[in-house]
Amino acid sequence: MGVMIKVTNPNAASTTRKQPNFFQRAIEQWDLQLLVIPGILLLFVFSYIPIYGLVMAFQEYRIGDFPGQSEWVGFKQFIALFQDQNLPLVLRNTLAISGLKLTIGFVCPIIFAVFLNEMSNQTLKKGIQTISYLPHFISWTVCAMLLFDFLSTDGGAVNEMLMGAGLISQPIGFFSRSDLFWGLALVSDIWKELGWNSIIFISAMAGVDAEMYEAADIDGATRAQKMWHITIKAIKPTIVLLFIMNVGGILNQNFDQIMMLTKQMGNPLLKETANVIDTYIFQVGISMGRASFGTAAGLVKSLINFVLLIAANTIADKAGENALF
Amino acid sequence: MTGVKETRHKMKVKKVFSDYVIIVSMVIIMTVVFVATLYPFLNSLAISFNNADDTILGGITIFPRIPTIANYRQIFTNPTIWMAYGITFARTIIGAAAGLVITGALAFGLSRKNLEGRKFYTFFCLIPMYFGGGLVPTYFLIMNLGLYDTFWVYIIPNLVNIWNMILMRSYFQSVPDALEESARIDGANYLTIFFKIYWPVSTPIIATIALYFGVFHWNDWFMPNIYISNPNLKPMTSVLLNIIAEASFAERMAAAGAGAFVGEASHGKETNARSITMATMITSILPIVIIYPFLQRFFLKGIMIGSIKG
């Protein structure tokens, strides 16, 4: 590590003899270094050693091997990955659920925030806001439990309501129909994170100058015009920024959510539409013990994510919008 | 904000058709969000406080029909629940406190411009945000560190959180430097400056990050699921997980509790399982549900800091 510090710190490396070098200066401010070093060491262990562990993707891990010391096999794992017949299905599910969340799931908090901003009763507004955060603070375990209860075919509230309204004659088995799972994943995600995801837009709206609205009033703007031309315009940079970040995470499905809704992939009826990259890696890499294969799949996922993030950022930058970096 | 509203009233702008569409949509959206969010919780609360045999008849909405605390008495006579609750509390308190100190110290250090190697450290922190080793290598690392099946697997790997670090760093940067300078003149070292001077004036960000760490530890099921096999080290989420995964788990809990209170609410197995499930669920979310509204003004501010481009 010491070598790396020198390399990335040209000032430290190029100091003349008269001036104290990097280490002498660092020791001089030992108290400040002491605050930083525990965190850096932990980061090294828990974030950088796993990056080194990626070498497993180019090896054939056998039980008992020390990770990273197995036999080298080149791109064998990657070839096996791309020939795996599960891969198209897993990719399809991941992209479908991510696509739904990135579009409908992304727009909902914006709509909520914009309409919340229109409320004139401050007490009611605060109250709804506080309640809307509630589901964010509970675990997916609890969420799944509530969903199982509310969507149950045996007197579940949703089925009772739909039957009461005469919309269906038979209760819908929400957790036994694979064709409903994508919708279920989307709706439960919106339910849980709507309020929380709206905070950032609400705080962006709070920064809008009140005079803008007054000026618009004088010009005779309608409410809709003000919402569109002032409120939405004010939060546009935030929208773009968050969208970029979400695109970068398109292959990161919500592992907790999928695992909980499928009873840790123990529900065979849902497997066809619910198996996403992360659950697939977990099953193959950990549960089935194909460590090298799982690592290779994880590496491909990270790389695609990284490329997508850069691409989205470049597009936003070119379009003259606020880019992430 | 209120200024805007007042002006709108004063002006008495004539409403057009689209205004009514917006008002009606607003009422519908807010009602749907309000009901859809709150109803499941109130319903579960009512069921957990309702007589188990009565619940099976259906029709419980947000008030218990035959109020009882029997369901809670049953779960709290179950030693598994006590153990799990203890583990959850222990990991939340220790995890949040230790995480705050380590992540906070890192954030404070990086917020000081005179930190030697600041550029390198910052870069070192940024890389893991965009690229990581993934699940399998991390799993092997935890195994090889000997953390498997120990309480510390909850704490040590989660001491540093980069997102939280960045939020804290932005906050410390916004504190006037004069605070540090005057302390330096008085001969205080940076440890003192951080813990005695910056820490007390940073309540909003500390409350926010404590909440983030706390919620993570309270709700996490993944670490106990793959790194813990000792049942005595399993937290509440694992109990809930068992209830979800195994239909008979709640029944067994109900039966174990009923053993201690013979003759009380021990019939109607199916119903008991549901009542027990709800009571366990309510018990597990209660502390966080009570705490978060009080920390609201802090985390709203925390997110606002985070939304400023770093």
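Values in this document were obtained by computation on a predicted structure and should not be read as measured data.

Attention shifts here to the overall build of chain B. When you go through chain B residue by residue, the secondary structure sums to 16 helices and zero strands. Counting the 310 residues in chain B, one finds 52% classified as buried. A separation threshold of at least 6 residues defines the contact pool for chain B, and within that pool the share at least 24 residues apart is 70%. In the structure as shown, chain B presents an accessible area of about 14,000 Å², 68% of it carried by carbon and sulfur atoms.

Quick look at the interface of chain A and chain B now. Facing the 103 residues of chain A at the interface are 104 residues of chain B. Summing the contributions of chain A and of chain B, the shared interface buries around 9,300 Å²; its carbon and sulfur component is 78%. At the junction of chain A with chain B, the criterion picks out three salt bridges. Summed over the shared surface of chain A and chain B, the number is 17 residue pairs in polar contact (both at pLDDT 80 or more). Sorting elements by how many residues they give to the side of chain A that touches chain B places helix α4 (residues 30–52) of chain A first, with 21 residues.

Residues and elements named next belong to chain A. For chain A, per-residue confidence averages 85 on the pLDDT scale, and 93% of positions sit at 70 or higher. Confidence, expressed as mean pLDDT per element, reaches its minimum in chain A at helix α1 (residues 2–8) with 43 and its maximum at α4 with 94. In the model, residues 1–10 has pLDDT below 50 throughout and makes ten contacts with residues more than four positions away in sequence or in other chains. Every residue in residues 12–16 is under pLDDT 50, and counting partners more than four places away or in other chains gives six contacts.

Ranked by size, the top nonpolar core spans 183 residues in total, and within it A:Phe137, A:Phe175, A:Phe201, B:Met281 and B:Phe299 carry the most contacts. When residues are assigned to domains, this core turns out to be shared by domain 1 (18–72) and domain 2 (76–318) of chain A, each giving three or more. In this structure A:Phe175 touches A:Leu147, A:Phe148, A:Leu151, A:Leu184, A:Leu261, A:Asn267, A:Leu269 and A:Leu270, once residues within four positions along its chain are discounted.

Residues and elements named next belong to chain A. Even without being a glycine, Lys263 presents a positive backbone phi close to 50 degrees. Structurally, Lys263 can be placed in the loop between α13 (255–261) and α14 (271–274). You will see that Met265, though not glycine, has its phi angle at about 60 degrees, which is positive. Its relative accessible area of 9% is what places Met265 among the buried residues.

What follows covers the side chain of B:Arg169. All names here are of chain B. Here Arg169 is to be found in helix α9 (residues 162–174). The buried charged residue Arg169 lacks any salt bridge partner; its closest oppositely charged side chain belongs to Asp177, at an N-O distance of 13 Å. With near-sequence residues (within four places) excluded, Arg169 lies in contact with Ala107, Leu110, Ser111 and Thr122.

Here the focus is the packing of aromatic side chains. Using the criterion set out here, one finds 42 aromatic pairs over all chains in the structure. An angle of 90 degrees between the planes, with centres 5.9 Å apart, marks the rings of B:Trp221 and B:Phe222 as edge-to-face. Three or more aromatic residues joined by ring pairs make a cluster, and in this case those are A:Tyr133, A:Phe137, A:Trp196, B:Tyr212, B:Tyr292 and B:Phe299. Above the plane of the ring of A:Phe293 lies A:Arg290, whose end atom (NZ or CZ) is 4.1 Å from the centre.

This part takes up the packing of helix α6 (residues 86–117) of chain A against helix α7 (residues 122–133) of chain A. Residue and element names in this part refer to chain A. Axis separation between α6 and α7 bottoms out at 10 Å; the angle between their running directions is 160 degrees. On the basis of their axis angle, the class for α6 and α7 is roughly antiparallel. When the axes of α6 and α7 are compared, the crossing they make is left-handed. Along the contact surface, α6 presents Phe112, Leu116 and Asn117, while α7 presents Lys125, Ile128, Gln129 and Ser132. A per-class count over the contact of α6 with α7 returns three nonpolar, three polar and one charged.

This part is about the domain arrangement of chain A. When the parts of a complex come together, some accessible area is lost, and that lost area is often taken as the interface size. All names here are of chain A. With domains assigned, chain A is organised as domain 1 (18–72) and domain 2 (76–318). The centre of domain 1, based on its C-alpha atoms, is set 34 Å off from the matching centre of domain 2. Every contact between the two is made by eight residues of domain 1 and, on the other side, eight residues of domain 2. Approximately 690 Å² of surface area, both sides summed, lies buried where domain 1 meets domain 2, with 62% of it carried by carbon and sulfur atoms. Of all residues in domain 1, the largest losses of buried area upon contact with domain 2 belong to Leu54, Ala57 and Glu60, amounting jointly to 55% of the total for that side. Viewed at the interface, domain 2 and domain 1 are joined by one salt bridge. Across the pair Glu60 and Lys76 runs a salt bridge, and its minimum N-O distance is 2.6 Å. The tally of links between domain 1 and domain 2 comes to six residue pairs in polar contact (both at pLDDT 80 or more). The residue makeup of the side of domain 1 that touches domain 2, split by class, is five nonpolar, two polar and one charged.

Rules and cut-offs
- Residues numbered from 1 in each chain as written.
- Chains lettered and ligands numbered in written order.
- Predicted model: local features only at pLDDT ≥ 70, side-chain atom pairs only at ≥ 80, totals over all residues.
- Heavy atoms only, no water.
- Helix = DSSP H or I, 4+ residues; strand = E, 2+ residues; numbered from the N terminus.
- Buried < 20%, exposed > 50% of the residue type's maximum accessible area, 1.4 Å probe, protein only.
- Contact = heavy atoms within 4.5 Å.
- Areas by Shrake-Rupley, 256 points an atom, 1.4 Å probe, with all protein chains shown as cover.
- Buried area = accessible area lost by both parts, 1.4 Å probe.
- Salt bridge = Lys/Arg side-chain N within 4 Å of Asp/Glu carboxyl O.
- Polar contact = N/O pair within 3.5 Å; in protein donor to acceptor, adjacent residues only side chain to side chain.
- pLDDT = per-residue confidence, 0-100.
- Core = buried A, V, L, I, M, F, W, Y, C linked by side-chain atoms within 4.5 Å.
- Domains from an automatic or database assignment.
- Lys, Arg positive; Asp, Glu negative; His and termini not counted.
- Phe/Tyr/Trp six-rings, centres within 6.5 Å; stacked < 30°, edge-to-face > 60°.
- Lys NZ or Arg CZ within 6 Å of the ring centre and 35° of its normal.
- Axes fitted to C-alpha atoms, helices over the stretch in contact; angles between N-to-C directions.
- Parallel < 35°, antiparallel > 145°, perpendicular 65-115°, else oblique.
- Left-handed = near helix turned anticlockwise from the far one by under 90°.
- Nonpolar A, V, L, I, M, F, W, Y, C, P; charged D, E, K, R; others polar.

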